[in-house]
Amino acid sequence: MPDLPAETHVPTRLDLFLGYLKVGLLGFGGVAVWSRRVVVEERRWLTEREYAELLGLGQILPGPNIGNVTVMIGRRFHGLAGAVLATAGLYAAPLAILLGLCLAYERYGGLPGVATAMHGIAAAAAGMVIGTALKMTARLRLPPEALAVLLLAAVAAAWLRLPLPVIVLVLGPLSIAAALWRAGLLRHG
């Protein structure tokens, strides 16, 4: 995969709203996939590494991961107004669509084909999340110790079914220590 140029662009307030409106409209079942694509690949507001760092922080904070990232990105560029506009863009269209789908599900949810369709949608959403994670990992060129933490986190979540707070509490300090060691801040002598 070719590297994206490191050059980034500062969005206007309208750009933030419209960019996240697009993310919200395209992101049914996988908003994180579209957020990364719009923010990093299409609009180049952030580099791959900057986005990954914000996503990591967004995942350990309470609340929806992508909502946290949206607030941080909006605030980074235009303070409180940017945070509000980006978040409004992210949630406006999906809220309207969700309300319409809720009304339809209330009426037709008991039909046998609806449950089957929901299983298919869940599988597609899971595939999108896994694909985005693999794409981000490949582009970040993580050092071996970071890859080890990533694999430990995946095993802890997928196979051991540990809750996210436990994984963060155990692997967070380990990951920070590994990064500090790599930067030469924990080495003696």
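**Observations regarding the overall build of the protein**
Along the backbone of the protein there are 7 helices and 0 strands. Listing each helix as α and each strand as β along the protein from the N terminus yields α-α-α-α-α-α-α. When each of the 189 residues of the protein is scored for burial, the buried share is 27%. Contacts in the protein between residues far apart in sequence, at least 24 positions, make up 60% of those at least 6 positions apart. When the accessible area of the protein is evaluated, it comes to approximately 11800 Å², of which 72% is carbon and sulfur surface. The averaged location of the 10 negative side-chain charges in the protein is 2 Å from the averaged location of its 16 positive side-chain charges.

**A short note on the nonpolar core**
Among the nonpolar cores identified, the biggest contains 21 residues, and Tyr20, Val39, Trp45, Leu46, Tyr51, Val69 and Ile73 are the most heavily contacted of them. At the level of secondary structure, the elements contributing two or more residues to this core comprise α1 (13-26), α2 (31-42), α3 (48-60), α4 (65-108) and α5 (112-140). Residue contributions to this core peak at 7 residues, all from α4. When sequence neighbours within four positions are dropped, the list of residues in contact with Leu46 reads Thr8, Val39, Val40, Tyr51, Leu54, Ile73, Arg76 and Phe77.

**A look at the side chain of Thr70**
Residue position: Thr70 is located in helix α4. A polar contact is formed between the side chain of Thr70 and the backbone oxygen of Ile66, at a distance of 2.7 Å. Those residues in contact with Thr70, other than ones at most four positions away along the chain, are Tyr20, Ala86, Thr87 and Leu90.

**Side note on the layout of surface pockets**
Its boundaries defined by the atoms lining it, the largest pocket holds a volume of some 1900 Å³. Only α2, α3, α5, α6 (144-158) and α7 (164-182) provide two or more residues apiece to the lining of the largest pocket. Class assignment for the residues of the lining of the largest pocket results in 28 nonpolar, 7 polar and 4 charged.

**Considering the confidence of the model for the protein**
In the predicted model, the protein carries a mean pLDDT of 88, and the fraction of residues at 70 or more is 94%. Within the protein, α5 has the poorest average pLDDT of any element, 81, and α1 the best, 94.

**Here we look at the pattern of salt bridges**
A side chain with one charge may pair with a side chain of the opposite charge, provided their charged atoms come close. All told, the structure shown has 7 salt bridges when counted by the stated rule. One salt bridge connects Arg37 with Glu42, and the closest N-O pair in it is separated by 3.6 Å. The network of salt bridges with common partners includes Arg36, Glu41, Glu48 and Lys135.

**Quick notes on a nonpolar patch on the surface**
On the surface, Val155, Trp159, Leu160, Leu162, Val166, Leu169 and Val170 cluster together into a nonpolar patch covering about 720 Å² of accessible area. By residue number, the principal contributor to the nonpolar patch is α7, which donates 3 residues. Tracing the chain through its elements places Leu160 in the loop between α6 and α7.

**A word on the environment of Met128**
Note that Met128 resides in helix α5. For Met128, a relative accessible area of 27% corresponds to the partly exposed category. Remark: the alpha-carbon pair of Met128 and Ile176, spanning 48 residues in sequence, is separated by 28 Å.

**Considering α2**
Listed in full, the buried residues belonging to α2 are Val33, Ser35, Arg36, Val38, Val39, Val40 and Glu41. Looking at the buried residues of α2, the elements they touch are α1, α3, α4 and α5. Remark: Arg44 follows α2 within two positions and exhibits a positive phi of approximately 55°.

**What about the packing of α3 against α5?**
Orientation of α3 relative to α5, taken along the N-to-C sense of each, is 130°, at an axis distance of 10 Å. Judged on the interaxial angle alone, α5 and α3 are oblique. As α3 runs across α5, the sense of the crossing is left-handed. Residues Glu48, Arg49, Tyr51, Ala52 and Leu55 of α3 touch α5, and the partners they reach there are Met136, Arg139 and Leu140. Of the residues that constitute the contact of α3 with α5, the class distribution is 5 nonpolar, no polar and 3 charged.

Cut-offs and rules
- Just so you know, the residues in each chain are numbered from 1, in the order the chain's sequence is written.
- Local features are withheld for residues below a pLDDT of 70 in this predicted model, meaning they are given only at 70 or higher, and side-chain atom pairs are given and counted only at 80 or more; totals for whole chains, interfaces and linings count all residues.
- Only hydrogens and water are set aside; all other atoms, that is, all heavy atoms of the structure, feed into the side-chain values.
- In this description a helix means any DSSP run of H or I spanning at least four residues, a strand means any run of E spanning at least two, and both kinds are numbered starting from the N terminus.
- Residue burial is assigned from relative accessible area. The probe radius is 1.4 Å, only protein chains are included, and a residue is buried under 20% of its type maximum, exposed over 50%, and partly exposed in between.
- We call two residues contacting when some pair of their heavy atoms lies within 4.5 Å.
- Accessible surface is estimated by sampling points in the Shrake-Rupley manner with a 1.4 Å probe; for residues, cover comes only from the protein chains shown.
- The sign given to each residue is positive for Lys and Arg and negative for Asp and Glu; His and the chain ends receive no count.
- Where a charge sits is defined by one atom per residue type, namely NZ (Lys), CZ (Arg), CG (Asp) or CD (Glu).
- To qualify as a nonpolar core, a set must consist of buried Ala, Val, Leu, Ile, Met, Phe, Trp, Tyr and Cys residues joined through side-chain atoms within 4.5 Å.
- By the criterion applied in these results, polar contacts are pairs of N or O atoms within 3.5 Å in which, for protein atoms, one can donate a hydrogen and the other can accept it, and in which residues neighboring in sequence qualify only through two side-chain atoms.
- Computed over the protein atoms alone on a 1 Å grid, cavities are sets of points where a 1.4 Å probe fits but cannot get out and pockets are open sets with protein on both sides within 12 Å along at least five of seven lines; a residue lines them when it has an atom within 4 Å of a point.
- Grid points are joined across faces, edges and corners, and a volume is the space filled by probe spheres set on the points.
- Ten residue types, Ala, Val, Leu, Ile, Met, Phe, Trp, Tyr, Cys and Pro, are classed as nonpolar, four, Asp, Glu, Lys and Arg, as charged, and the remainder, Gly among them, as polar.
- pLDDT expresses how confident the predictor is about each individual residue, on a scale running from 0 to 100.
- Whenever a carboxyl oxygen of Asp or Glu lies within 4 Å of a side-chain nitrogen of Lys or Arg, that contact is scored as a salt bridge.
- Think of a patch as exposed residues, more than 30% relative accessible area, with no salt bridge, where like charges cluster within 9 Å and nonpolar side chains (Val, Leu, Ile, Met, Phe, Trp, Tyr) cluster within 5 Å.
- Axis lines are fitted through C-alpha atoms, for helices just across the contact stretch, and the angle between N-to-C directions can take any value from 0 to 180 degrees.
- Should an angle fall under 35 degrees it is called roughly parallel, over 145 degrees roughly antiparallel, and 65 to 115 degrees roughly perpendicular, with every other angle called oblique.
- The crossing is said to be left-handed when, going from far helix to near helix, the turn is anticlockwise and less than a right angle, and right-handed when the turn is clockwise.

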